[in-house]
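Now for the letters of each chain:
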Amino acid sequence: MLDAWDRIERWLIGLLGALGLVVYLTQIVGRYVTTAIDFSVAEELTVYIIIWAAFLVASLLVREDGHVRADLLLRMMRPERQRWVEIANCAIALGFCLGLTWYGWLVAYDSFDLGERSNTALGFPLWIYYAALPVSAALMSMRYARRLWQFCFAFDPATMEVHSGRE
């Protein structure tokens, strides 16, 4: 199931990135080559598409342990200590992501309830834009919960330790 989740996320991120590129290139062609293709809302639409892609990438970064962090001291610790630091890290990150999910949901719901739209020719419903935060935070929460469970109950120092680069 996790492989399917990873594949769907990667596919969706790639699709959104490609869509953003096509929309923006269409706008560039419309601006500089011919006015017949002018797509005046492309910049705004591209921002919404890229924001969604970037927020979805955050979940994959949790999966691949790719978020930027200061790990100099962590790398100098023995695997047993690294495990406890990682458990604390995952617990704190899980709490933070759950909070982001909740408050992001409140913002997106309020925007939906108020019928907020961008004040451009596109009139894009802003709740869709705001929904990127709670969706991404919920996905990261599930990833952090899984990591926390692994560090607590299925710890394998050979595959889960932070490597020091001394090999």
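Residues numbered from 1 in each chain as written. Predicted model: local features only at pLDDT ≥ 70, side-chain atom pairs only at ≥ 80, totals over all residues. Heavy atoms only, no water.

Colleague: So what's going on with the pattern of salt bridges? Residues and values would help.
Modeller: In the structure shown here, the tally under the stated rule is six salt bridges. Taking the shortest distance from any N to any O, the salt bridge between Asp6 and Arg63 comes out at 2.9 Å. Here the residue Asp6 occupies a position in helix α1 (residues 2-32), and Arg63 occupies one in helix α2 (residues 42-63), the gap between them amounting to 57 residues. Given the relative accessible area of 8%, Asp6 is considered buried. What makes Arg63 partly exposed here is its relative accessible area of 38%. The residue Arg78 makes a salt bridge to Glu80 at a minimum N-O spacing of 3.5 Å. (Salt bridge = Lys/Arg side-chain N within 4 Å of Asp/Glu carboxyl O. Helix = DSSP H or I, 4+ residues; strand = E, 2+ residues; numbered from the N terminus. Buried < 20%, exposed > 50% of the residue type's maximum accessible area, 1.4 Å probe, protein only.)

Colleague: How would you summarise the side chain of Ser59 if you had to cite specific residues and measurements?
Modeller: Locating Ser59 in the fold gives a position in helix α2. For Ser59, a relative accessible area of 0% corresponds to the buried category. Among the polar contacts made by the side chain of Ser59, one reaches the side chain of Glu9 at a distance of 2.8 Å. Discounting chain neighbours no more than four positions away, the residues touching Ser59 are Trp5, Glu9, Leu139, Met140 and Arg143. (Polar contact = N/O pair within 3.5 Å; in protein donor to acceptor, adjacent residues only side chain to side chain. Contact = heavy atoms within 4.5 Å.)

Colleague: Describe the nonpolar core, naming the residues involved and giving the relevant values.
Modeller: Core analysis: the biggest nonpolar cluster contains 14 residues, and Leu16, Trp52 and Leu56 have the highest contact counts within it. Elements represented by at least two residues in this core include exactly α1, α2 and α6 (132-153). At six residues, the largest contribution of residues to this core is made by α2. Discounting residues that sit within four places of it in the chain, Trp52 has contacts with Leu16, Ile128, Tyr129, Ala131, Ala132 and Val135. (Core = buried A, V, L, I, M, F, W, Y, C linked by side-chain atoms within 4.5 Å.)

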